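For reference, the chains in residue letters:
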Amino acid sequence: MRVIIKPDYESVSAWAAEYIVSKINAFAPTENKKFVLGLPTGSTPLGVYRELIKMYKEGKVSFENVITFNMDEYVGLPADHPQSYHYFMFENFFNHIDIKKENIHILDGMAKDAQLECENYEKAIAGCGGIDLFLGGIGEDGHIAFNEPFSSLTSRTRIKTLTSDTIKVNSRFFDYDISKVPTRAMTVGVGTIMDAKEVIILANGVKKAKAIYHGIEGAVSHKWTISVLQNHQHGIIVCDNEAASELEPDTIKYFKDIEK
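Keep in mind that this is a model prediction, so the values were computed, not measured.

Overview of the pairing of strand E2 (residues 35-39)
At step 1: Along E2, 5 of the 5 residues are buried, which leaves the element largely enclosed by surrounding structure.
At step 2: Of the two faces of E2, the one carrying Phe35, Leu37 and Leu39 and the one carrying Val36 and Gly38 are both buried.
At step 3: For E2 and strand E3 (residues 66-70), the ladder comprises 5 bridges, and the chain directions are parallel. Opposite Val36, over in E3, you have Ile67 as the bridge partner.
At step 4: In this fold, the crossover linking E2 to E3 by way of helix H2 (residues 46-57) has right-handed handedness.
At step 5: Across 2 bridges, E2 lies against strand E6 (residues 133-136) in parallel orientation. Bridge pairing in E6 links Leu37 to Leu133.

Here it is in structure tokens:
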């Protein structure tokens, strides 16, 4: 595992965006050889999206031959709902870059057969040759995507019932009205994420410190799904000083030293 510890949210976002751009450009995607990027929603990746948009406008990267797969979507929210992840992605990222609409993949929260939608999503990922780089965030309880604690570490895209804690945290997007928050979501599985050639997990703030501790220094456990990243050959955690605050001083020293 590689751990990048930066001073603050802005530097975390800048590092991750620059890394993603470097990977896309090194891949040199074409019409017949597209780069496949996994993407998250939520407040954490907003800084990365702002940086990627800026770099696109500066001519440093093109998304014309990039295929994207989003991590998740609420069950029961139409694509034009202001809190759907479809809406989020277009408002905060896709509308501002040169990505082709046909290359964007987001689970359909209104699918008549949600289970079939999940199965087809896995097939679509496989049909693209797998995900080259998956970007994600982390919950306070260590969940990645909507893979709550005790999710199978080999799980695939499926329907998940959300915990009361996750619903409470997400209520900030629904006027803090818990009754408005969907109770189920479709999400890529832990195994789906781990199949990516590279995985980058972002974390900032002291509220994520316990999860980062378990992800880096704790045992691999389905109680803290982030911990499975320890088993990935190319897993990267990018966090700020506050998110790293529960790590042992020697751990912080080690990771900062090897990144000099």
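Considering the pattern of salt bridges
At step 1: Counted according to the given criterion, the structure contains 10 salt bridges.
At step 2: Its salt-bridge partner being Glu58, residue Lys60 comes within 3.1 Å of it at the nearest N-O pair.
At step 3: Using a relative accessible area of 46% as the deciding quantity, one classes Lys60 as partly exposed.
At step 4: On the basis of relative accessible area, Glu58 is assigned to the partly exposed category, the value being 43%.
At step 5: A salt bridge links Lys260 to Asp257; the shortest N-O distance between them is 3.9 Å.
At step 6: The structure contains a network of salt bridges with shared partners spanning Glu31, Lys34 and Lys100.

Details of the packing of helix H1 (residues 9-27) against H2
At step 1: One can describe the packing of H1 onto H2 by two numbers: an axis separation of 8 Å at closest approach and a directional angle of 50°. Taken together, the axis directions place H1 and H2 in an arrangement best described as oblique. Regarding H1 and H2, the two cross each other, and that crossing is right-handed. Along the contact surface, H1 presents Tyr9, Ser13, Ala14, Ala16, Ala17, Glu18, Ile20 and Val21, while H2 presents Leu46, Gly47, Val48, Arg50, Glu51, Leu52 and Met55.
At step 2: Of the residues belonging to the contact of H1 with H2, the class tally is 10 nonpolar, 2 polar and 3 charged.

Remarks on the sheet that holds strand E4 (residues 72-74)
Two modes of strand pairing occur in sheets, parallel and antiparallel, and in both the strands are linked by backbone hydrogen bonds.
At step 1: Taken in spatial order, the 3 strands of this open sheet run E4-E8-E7, and their pairing is antiparallel. Each edge of the open sheet is held by one strand with a lone partner, namely E4 and strand E7 (158-161). In this sheet, adjacent strand axes meet at a mean angle of 30° when their direction is disregarded.
At step 2: Relative to strand E8 (residues 184-187), E4 is paired through 3 bridges, and the arrangement is antiparallel. Residue pairing across strands places Tyr74 opposite Ala185, the latter belonging to E8.
At step 3: Where helix H4 (residues 114-127) meets the sheet, its contacts fall on E7 and E8, and the angle it forms with E7 comes to roughly 125°.

Thresholds applied
Residues numbered from 1 in each chain as written. Predicted model: local features only at pLDDT ≥ 70, side-chain atom pairs only at ≥ 80, totals over all residues. Heavy atoms only, no water. Buried < 20%, exposed > 50% of the residue type's maximum accessible area, 1.4 Å probe, protein only. Helix = DSSP H or I, 4+ residues; strand = E, 2+ residues; numbered from the N terminus. Pairing = 2+ DSSP bridges. Right-handed = clockwise from strand over helix to strand, strands pointing away. Salt bridge = Lys/Arg side-chain N within 4 Å of Asp/Glu carboxyl O. Axes fitted to C-alpha atoms, helices over the stretch in contact; angles between N-to-C directions. Parallel < 35°, antiparallel > 145°, perpendicular 65-115°, else oblique. Left-handed = near helix turned anticlockwise from the far one by under 90°. Contact = heavy atoms within 4.5 Å. Nonpolar A, V, L, I, M, F, W, Y, C, P; charged D, E, K, R; others polar.

Everything listed is a geometric property; what it means functionally is a separate question.
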